[in-house]
Amino acid sequence: MSLDVAARLAEGRVAVADTQAYVDACRAVGYQNADLTARGGQVDEWYATEDGLDLTALDTDCAALRAAAGAAEEALRIERAGAAAVASAWSGDSGSAAGEFVERHCSAGAVLADAMRSAAEACTALRDKLWGLVDGKVGTVTAIENRHAGERAAWLAAAHSVTTGVDDRAAVEIVRQQIMPYVDGDIRAEWVAAMRSVTAAVDAAYDDAAQALNAHRAVDFPIPARLGPAIAPPPPAAPAAPVQQARPAITMPAAASAPAVPSTPEPPGAPAVPE
């Protein structure tokens, strides 16, 4: 299985191009069909729905999932061995509690390992299914086109004349009498149905893979409430007394003394006032 989708699709491109030429010629002489002639290039559109599909990348994802599943299974084996060692070396209530805790971890690990293995299988199935659809699609378009391999050269020449506007009555008759019945029968009915079936099958393959990946419940690994001896919390600190902040002394300014009133000097020569 090569898984090279682009290379495999390329092997059918010649047959698809011939079929598109036949449809275009029929359209040029008046043939109409919603699946083939509603617009140009519909044959190519039907065939190209898997362009860009990278199965090599999907195969890499499958390998990564298988490796992860193997790692999970190995971790589970080690944990189960540890559980057995705990059971033989630790007795009493504490040993029972530890053993039960490890056993719950083992149960969760088993669910996880199974989910990883299932995911790897789902992706592998998706890879194989998609490759089979692409491979079968190429085989179908090639087989249908090869039914008239003997008429291919004449049919392609007539189709080219009609679609390029050459006034060739013989070419028009070939298109009408030979190519159109083939297009309306083999291509419209069988070829289009095969392309539609592949598209639906690809969608269903993705849906199946998604359903398989979502089938497992979420895994919860428990964490013990306490790992080690209980440590009493420190006592709460005593509330601190509020600090009284001294207020600065306020010094009032001294009252200003009234200015001394100077004595009025007696005028010279004034008589003394008797006592």
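That block above? That's the structure.
Quantities reported herein were computed from a predicted structural model and do not represent experimental measurements.

This part takes up the environment of Tyr47. Structurally, Tyr47 can be placed in helix H3 (residues 42-47). Sequence separation of Tyr47 and Gly12 is 35 residues, and the distance between their C-alpha atoms is 9.0 Å. Not counting residues within four places of it along the chain, the set of residues in contact with Tyr47 comprises Arg8, Leu9, Gly12, Arg13, Val16, Lys137, Val138, Val141 and Met195. Side-chain polar atoms of Tyr47 contact the backbone oxygen of Leu9, separated by 2.7 Å.

A positive phi angle, close to 65 degrees, is found at Leu3, a residue other than glycine. Locating Leu3 in the fold gives a position in the segment before helix H1 (5-10). Looking at Leu3, the relative accessible area reads 9%, which means it is buried.

Contact geometry for helix H5 (residues 92-146) and helix H7 (residues 169-213): axes closest at 9 Å, N-to-C directions at 175 degrees. Compared by their axis directions, H5 and H7 come out roughly antiparallel. Its residues assigned to classes, the contact of H5 with H7 shows 20 nonpolar, 1 polar and 5 charged.

Right, let's get into the nonpolar core. In terms of nonpolar packing, the biggest core is built from 47 residues, with Leu55, Leu130, Val175, Val183, Ile187 and Trp191 touching the most fellow members. Among the elements of the structure, H1, helix H2 (13-28), H3, helix H4 (55-89), H5, helix H6 (152-163) and H7 are those that each provide at least two residues to this core. With 16 residues, the single largest contributor to this core is H7.

If you walk through the whole model with that rule in mind, you get 3 aromatic pairs. Their ring planes at 85 degrees and their centres at 5.5 Å tell us that Tyr22 and Trp155 sit as a pair that is edge-to-face. Placement of Tyr22 in helix H2 and of Trp155 in helix H6 is noted, with a sequence separation of 133 residues between them. The burial state of Tyr22 is the same as that of Trp155; both residues are buried. Ring centres of Tyr22 and Tyr182 lie 5.9 Å apart, and the angle between their planes is 80 degrees; on these two criteria the pair is classed as edge-to-face. Here Tyr22, found in helix H2, pairs with Tyr182, found in helix H7; they are 160 residues apart in sequence, far enough to count as distant.

Once that is clear, we can look at the pattern of salt bridges. Inspection of the entire model under this criterion finds 15 salt bridges. Between Arg127 and Asp59 there is a salt bridge, and its shortest N-O distance comes to 2.5 Å. One end of the pair, Arg127, is in helix H5; the other, Asp59, is in helix H4, with 68 residues separating them in the sequence. The partner of Arg152 in a salt bridge is Glu145, with the nearest N and O atoms 2.8 Å apart. Taking the relative accessible area as the measure of exposure, Arg152 reaches 23% and is therefore partly exposed. You can call Glu145 buried: its relative accessible area is 4%. Three or more residues joined by partner-sharing salt bridges are found here, namely Arg8, Glu11 and Asp135.

Basis of the calculations
- Residues numbered from 1 in each chain as written.
- Predicted model: local features only at pLDDT ≥ 70, side-chain atom pairs only at ≥ 80, totals over all residues.
- Heavy atoms only, no water.
- Helix = DSSP H or I, 4+ residues; strand = E, 2+ residues; numbered from the N terminus.
- Contact = heavy atoms within 4.5 Å.
- Polar contact = N/O pair within 3.5 Å; in protein donor to acceptor, adjacent residues only side chain to side chain.
- Buried < 20%, exposed > 50% of the residue type's maximum accessible area, 1.4 Å probe, protein only.
- Axes fitted to C-alpha atoms, helices over the stretch in contact; angles between N-to-C directions.
- Parallel < 35°, antiparallel > 145°, perpendicular 65-115°, else oblique.
- Nonpolar A, V, L, I, M, F, W, Y, C, P; charged D, E, K, R; others polar.
- Core = buried A, V, L, I, M, F, W, Y, C linked by side-chain atoms within 4.5 Å.
- Phe/Tyr/Trp six-rings, centres within 6.5 Å; stacked < 30°, edge-to-face > 60°.
- Salt bridge = Lys/Arg side-chain N within 4 Å of Asp/Glu carboxyl O.

Scope: geometric values only; no functional claims are made or implied.
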